[in-house]
Amino acid sequence: MDLLSEQPITSFGERISKDLGLHHLFNYSDRTTNCINVENIGIQGEERKAALIINEMPLASSVMEDLSNRGKEIVVTMISKSLPNEQGPKIWQRSYTLKRSRSFVSLQQYVQELRDPIRFSLDASDDDRQNEMPSFEPRGITKQWIYTASHIFEGNANLKILSDIIEVEDAFYICQERIPMTLESLLRFSKQKLISSTNGDSPVPTTLWVLYQLLSALDYAHSHGITHGNLNPADILLSSNLWLTLTGFHLPATPMYLQMDEKPDRTLQNLMEGWRNGKISNFDYLMALNLLSGRRTGDPNFHPFMPWVIDFTEQQGKWRDLTKSKYRLTKGDEQLDVTYLSTDRSHHITEPLSELTYYHYQARRTPIPLLRKYVRSTFQPNEYPSTIERLYEWTPDECIPEFFTDPLIFKSIHEDMPDLAVPSWAESPRDFIKIHRDLLESDQVSLGIHHWIDLTFGYKLSSQEAVRAKNVALIDSVHLRNHGFVQIFKHPHPPRLNCRPFADIILDGIADTESAFEFLANLETLLPVHRPPVFKLNETPPFQDEPFLELAAADMYSFGCLMAEMYLAHPLFNPNTIRQYIYKRTLPRLDELPHAVRALILSLIRQRHWKRPSAQSLLTHDIFPSYFTELYTWLSAYHSITDWKQRLNLTIDNLSTLLALPEEGFEIAIPFFLQFFSEPTEIGVKVKAVNLIDPLGAKLGVANSRKYLLQPLIRLYQIQTFGDLSAVLFDDKVIKSIVNRLGLAPFIDYILPYTIDSLRNTDNQIAYLSSLLMSNIPDVLGEVLTVKYVLHPLLLQLSKTHPEYIVEVLLILAKKLGEKVILEHYLGQLLQLLQKHSSKATKGGEEVLISVLQVIKGLLDEISPSAILQQLILDSNVLFVLLLNPSPHSSLIKILIQTFIYISYRIGSIDTCAHILPYIKQFLHNYSDFFELLEDGTVVPTREQGSHEALRSVYSLEIGAMLYDQLCSLVSNRLLRNEIPKHWKLLEAIVKTQPKSFQIPLSRSSTPPGSSSMPASGSFSSSSSLSSFGSLSSFASLGSPPALGSGKHADDWLTAISKSEGESNRSWNLEGKVLNIFSGNQGGIRCMDALSNESLFVTGSKDCTVKIWNIHHPQAKLSYNEHTSGVTGVHFIFNGTSVASCGGSVHIWDTERKVRTFLLSSDVSFTSMLPTKEDRIIVVANLENTLSFLDVSMGKPVYEWYLPGAALYGSCKCIATANNGNWMAIGTNTGDIVTFDKRTGYILEMWKAHEGPITQLKSFGSNGLISTSMDRMMCLWKMNGNVPTCMRRVRATDPIEACNVYKQNVFVGGGPKIGSANFGDVDDGFSETGGDVFNLNGIIMQSRRKGPSPIKALSVLPYYRVLLLGCDDGTVRALV
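One numbering rule holds for all chains: residues counted from 1, following each sequence as written. Since the coordinates come from a predicted model, pLDDT governs what is reported: local features require at least 70, and pairs of side-chain atoms require 80 or more to be given and counted, while whole-chain, interface and lining totals use all residues. Water and hydrogen atoms play no part in the side-chain values, which are based on all heavy atoms of the structure.

### Describing the overall build of the chain
Comment: elements are numbered from the N terminus, with helices defined as DSSP H or I runs of at least four residues and strands as E runs of at least two. Summing up its helical and strand segments, the chain has 50 helices and 38 strands in all. When a residue's accessible area, from a 1.4 Å probe over protein chains only, is under 20% of the maximum for its type it is buried; when over 50% it is exposed; and in between it is partly exposed. Taken over 1376 residues, the chain has a buried fraction of 56%. For this analysis, residues touch if any pair of their heavy atoms sits within 4.5 Å. Long-range contacts, defined as pairs at least 24 residues apart, comprise 66% of the intrachain contacts of the chain with a sequence gap of at least 6.

Right under this line is the structure:
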């Protein structure tokens, strides 16, 4: 391969990939017309000609219409009919044209025409039909195989169906929906995903799942007589959910063996040496490097890039510093240093040319719909840089080749966007291109271009060299990526020679030669080899008459190479190593691979092709988990269906099977479940999908439910469209399911704000649905949280528009919450709103005042007369101020007068006369200014009153009649006549002019104040009787708990919790107030756990009992007494429907059916227990330090880990697992901590952490661990992969036996004292303190009210902002 010829770089690209036979031309997203616009894709020669041919063809097929209308990207691929060798499909070597009137039809129509002689004869003669297909007919392939191949592929969901095909004289053009991720990009940019899965650190076996799908596709193709021919990572497409699609079938007649000489190939060496010696230009060499790194013209994510060489202020001056990245030059070193220290040790973005920058560069040649999609939804031409100088200043990214080759990039196709202006020293865009290209090839650039190559393609992208060059890229380790930096060189790139002075070359010659030699030695690793070579064997294959078997074996060889590359994270073969394998029988080292994987790879790449295993045989290999079969069966059917309703029905039909998948299998399945919440356009599908929340949440557990289900649910609530979807989202059963499955925090933080805002929705039907939900919200949250998170926000909403439904909900909640809540939380805030907006009554604040008065009027029936008098009349004058300084708004004064009348009736005539009538008299006196009484008894308006004329609507006949008449009924006519002797005749005459339309209820509601309370919000019926379990009465139901309003500490509880600040990361300061005391245990509390919705908690006691409590009631709700020794561990599982308790033996019991469902006992007592994120798996430890992983659903242990040297390290006292899922730790009674790899069970570290027994271990932050001990110390450890480092150390005055963590807040109990502190993040800003003592400033130590009792257990209720303290005297105290 001659690379030194002076040919365009496109020819170089064709030569590098000529064996592929496929040329990806461009991607197309959105449409401006009915034609594909390819004018700006930057391709030349035959490829550009082909693109222009396609540009002239209308998008006539329904498939293409659908793809475009849905905004899908389209890939057009050209397949030449005249391939240069005998290895391609024979039919493509014939020049044949179907006679048809349309130039663009679907592939399926081709197949139908070939099968239907009658239809076919309309378009072609019999002679044409006989001659169009070759006589070649490989085994298993019919004469119509070129068209029916796609029909065959429809039987397997991993094989790409050709959407449409265009035929011209010498080529086919295939149009397909674009899938941007490939296995090649996964290996390049998200390699860690594969490495972690192969090392056992990832819960999802990514590598095995991809390989299994690839095998299934190959098995299906081989069983239908089709082989791929050139299997490589670029032809394996992957969706974001890791669903595989195999493309690029070459359909060879004979195996496409790799032909290699024993002599090393010098292709890349010639390329680099040709550039160094000046035989290849800078431009062509850099384009070659772009090609080697996987970049291709026209793809915004992979478009080639070049260096900016000057800043354009001068033609030959101010050269760009090529030793620094463009990002560094734009941002400055200071900002990069700050970024590096404040982030995950990175300096800049993930790639040298971002998609956003690409579209800015190409803005003048890109259709507006594309700019709206990728730049900004609103097209603003003036926001794009207008000159090349401004573009250079704006961008932090590198340049693109078009600025060195294509003058058209400056020409705008948009009427409202001017052309990109060139510098003043260039006469035209064409002149600029010539000068700019000359600058790129200049000696000044050539001298330093190797430094730029090191930054963008070379060794300065990794290790300490990247840190020194401020060139550490930001790597997204969470999401799959399909673009970014690609490091192709690991050694410094040699400089160019021909541009350097002769003396410099002599002086530096030796160093340059050594550097170049080392660099060249590594070049061949850039070319991975996946095709099988020709092996020289001494024996004859046993099946020479079966050529198809050899073709299939070639595919399996390539599969083995891909498998090794996925496990090794680098290609198995390159030109150098494959040559050694061919001629010396030497294989690369595979010792690092698992034994089963290594053996399988060796069997696939063996030189005797007839001994390679088939795809079908490998599908049942032990390396693949057994559940892959069920999972693949469902997903294959799923992807074979395009209708979302049918997909959902298929999923529901298989739901029980899918829910039985193990955790790692369900991790693969869950993204496809989530598509039902977002992808379908049919609302009915989303409505039905909401019903999946409960079973999915039950399977996932609380933590994973939040991870996967929360964001899809939020997006559904954001739709805000009335219909079946809103009806189901606002259904209280769905809300309860969300709270139960995701926990209280997501509902309060994310879902509840949407429901409150919906009360003001302009669509009355949505507001109505929200009001129904809000009316029942106490049944979900309980009284206290309803006051804190619903009532207070609703009261604030009164000051906004459309408050009608808010008023209604506030009144319904008032009836449920009772008088105490109304007095403490309603009236004070309502009066503040009145006072705040009374001064705005003439400036548009009337609606707020009306809404507030409506609420106050509605509350009067729920409050005692004495409370009304005290809070609304004696303690506040706001209502009187509104009365005597009225707003000229008739609706406002009407509701105000009605409120005074209601108040008067509720407090009685005596208090009305004493406290209200004096103000009413002043209001009624003013009527004489607006009306007069004639001698004949007629009431007529007075003359205009000037500035007071605006108040005539306030002092109306209706208002006066209503007020005077109702007061007469309450306090008598005689009394009123005495109080207003000069005006009573006028007012009585006014009453006669108006009909009686306003009636006051004469009796109050029969419900006593405060008697309406919320039902207990738990899973239990407090009044249900208990049936015995077998012959054992293991449970005891403890009667009906008292209402919250009757508890001893009810006032403190409601006041303290509802007025406290919400959950946050800030330091949690303890007030030391005990809100409630829960008693009933005969022995001390030893362990405790709270339900995620904070309605219930469970305790384990030294007296061998386990009790479940409602947080609002001091007596236990349910008791389990089947343990024979003290309970040391207790946890809710399955969202509170079951409890796991450990006390010598492990018990699982159903809290609803009140039966024990699982019992694990042993000769060695179990000492501690910990549930995992998946509720069905529980970890328990015994005295001999054996960790047993129990599958509760299966009712048996699934595997065990054993810690050797129990005598040395003592016995296990507690267990913790990392929040990032990487490790598990146990603490022993000798003060040692041992950490395990969570996936493999291997011991990571063992160290002496404390001088006394360890009492608690708690994970902290992303990678921290907190330990407490009887030695009175608490330590915070940073688990950084090496020896754990003690970051904080706290000393208490008593042994620390209780500890818990919520986000960055740490709570400890030492003796009878409790303390708290905020530790920040173990990964952010921690300075290592080693063994020094760190004093907890501001920690609050509180003694218990009933004498000192050591704290043994501690649980956190973050939304109540309450700590539950389990004490040695058998009580639990709620502390705020």
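There's more to say after this.
### Section: the pattern of salt bridges
For this document, the term salt bridge refers to a Lys or Arg side-chain nitrogen within 4 Å of an Asp or Glu carboxyl oxygen. Throughout the structure, instances matching the rule amount to 20 salt bridges. Of the charged contacts in the structure, one is a salt bridge between D591 and R598, with a shortest N-O distance of 4.0 Å. Residue D591 is classed as partly exposed on the basis of its relative accessible area, which comes to 49%. Owing to a relative accessible area of 31%, R598 belongs among the partly exposed residues under this scheme. Here D1368 ties to R1086 by a salt bridge, and the two come within 3.0 Å at their closest N and O atoms. Of the two residues, D1368 sits in the loop between β37 (1362–1367) and β38 (1372–1375) while R1086 sits in strand β13 (residues 1085–1090), which places them 282 residues apart along the sequence. By relative accessible area, D1368 is classed as partly exposed at 32%. Each of R589, D591 and R598 takes part in a single network of salt bridges with overlapping partners.

### A few points about the pairing of strand β24 (residues 1196–1202)
Residues in a regular strand point their side chains to alternate faces of the sheet. Direction of pairing for strand β23 (residues 1186–1191) relative to β24: antiparallel, over a ladder of six bridges. Its bridge partner being in β24, T1186 is matched across the sheet by Y1202. Where β23 folds back onto β24 in an antiparallel hairpin, the turn is made up of four residues, including G1195, whose phi is positive at roughly 75°. Pairing between strands is defined by DSSP: at least two bridges between the two strands are required.

### A closer look at the packing of helix α30 (residues 663–678) against helix α32 (residues 693–719)
Inter-axis angles, ranging from 0 to 180 degrees, are taken between N-to-C directions of lines fitted to C-alpha atoms, where helices are fitted over the stretch in contact. Packing of α30 against α32 brings their axes to within 11 Å, and their N-to-C directions diverge by 35°. For α30 against α32, the interelement crossing comes out right-handed. Contact residues: E663, F666, E667, I670, F673, L674 and F677 in α30; I693, L696, K699, L700, N704, Y708, L709, P712 and L716 in α32. When its residues are assigned to classes, the contact of α30 with α32 shows 12 nonpolar, one polar and three charged. By definition, turning the near helix anticlockwise from the far helix through less than a right angle yields a left-handed crossing, and turning it clockwise yields a right-handed one. Note that Gly is not counted as nonpolar here; it falls among the polar residues with everything else outside the nonpolar set of Ala, Val, Leu, Ile, Met, Phe, Trp, Tyr, Cys and Pro and the charged set of Asp, Glu, Lys and Arg.

### Regarding the sheet that holds strand β31 (residues 1273–1278)
The strand order across the open sheet formed by four strands is β29-β30-β31-β32, and the pairing between neighbours is antiparallel. Edge strands, defined here as strands with exactly one partner in the open sheet, are β29 (1254–1260) and β32 (1285–1291). Averaged over neighbouring strand pairs, the angle between their axes works out to 20° when direction is ignored. Summarising the sheet, strand β30 (residues 1264–1269) and β31 pair through five bridges and their orientation is antiparallel. Its bridge partner lying in β31, I1266 is registered against L1276.

### Things to note about a nonpolar patch on the surface
Residues M1194, V1198 and Y1199 make up a contiguous nonpolar surface patch of about 270 Å² in total accessible area. Mapping M1194 onto the fold places it in the loop between β23 and β24. Patches in this entry comprise residues that are over 30% relatively accessible and not in a salt bridge; like charges within 9 Å are linked, as are nonpolar side chains (Val, Leu, Ile, Met, Phe, Trp, Tyr) within 5 Å. Accessible surface is estimated by sampling points in the Shrake-Rupley manner with a 1.4 Å probe; for residues, cover comes only from the protein chains shown.

### What about the packing of helix α44 (residues 890–907) against helix α46 (residues 957–971)?
As a packed pair, α44 and α46 sit with axes 10 Å apart at the nearest point and diverge in direction by 0°. When the axes of α44 and α46 are compared, the pair comes out roughly parallel. Only E958, I959, M962, L963, Q966, S969 and L970 of α46 make contact with α44, whose side of the interface consists of I893, K894, I897, Q898, I901, S904 and Y905. Its residues assigned to classes, the contact of α44 with α46 comprises eight nonpolar, four polar and two charged. Relative orientations are named as follows: roughly parallel for angles under 35 degrees, roughly antiparallel for angles over 145 degrees, roughly perpendicular for angles from 65 to 115 degrees, and oblique for any other angle.

### Details of the sheet that holds strand β17 (residues 1129–1133)
The strand order across the open sheet built from four strands is β17-β18-β19-β20, with neighbouring strands paired in antiparallel fashion. The outermost strands of the open sheet, each flanked by one partner alone, are β17 and β20 (1155–1160). Taken over all neighbouring pairs, the strand axes of this sheet differ in orientation by 20° on average, direction set aside. The sheet contact formed by β17 and strand β18 (residues 1138–1143) spans five bridges and is antiparallel. Paired with I1133 across the strands is S1138, a residue of β18.

### Describing the pairing of strand β19 (residues 1145–1150)
For β19, the buried fraction is high: six of the six residues fall into the buried class. The alternating pattern of β19 places S1145, H1147 and W1149 on one face and V1146, I1148 and D1150 on the opposite face, and all of these are buried. Alignment of β18 against β19, held across six bridges, turns out to be antiparallel. Pairing of A1140 across the sheet is with I1148, part of β19. Count of turn residues in the β18/β19 antiparallel hairpin: one residue, of which G1144 carries a positive phi of about 85°.

### Quick word on helix α23 (residues 547–568)
Residue count minus one, scaled by 1.5 Å, sets the expected span of a helix. Spanning 22 residues, α23 covers 32 Å between terminal C-alpha atoms, matching the ideal 32 Å at 1.5 Å per step. Here α23 lies mainly inside the structure; 19 of its 22 residues are buried. A569 sits one or two residues past α23 and shows a positive phi near 70°.

### Some details on the confidence of the model for the chain
Predicted confidence across the chain gives a mean pLDDT of 75, with 73% of residues reaching 70 or more. In predicted models, pLDDT denotes the confidence assigned by the predictor to each residue on a 0 to 100 scale. Across the chain, element-level confidence peaks in helix α26 (residues 615–618) with a mean pLDDT of 95 and bottoms out in helix α5 (residues 117–121) with 26. pLDDT under 50 marks residues 502–511. Its contacts with residues more than four places away, or in other chains, come to three contacts.

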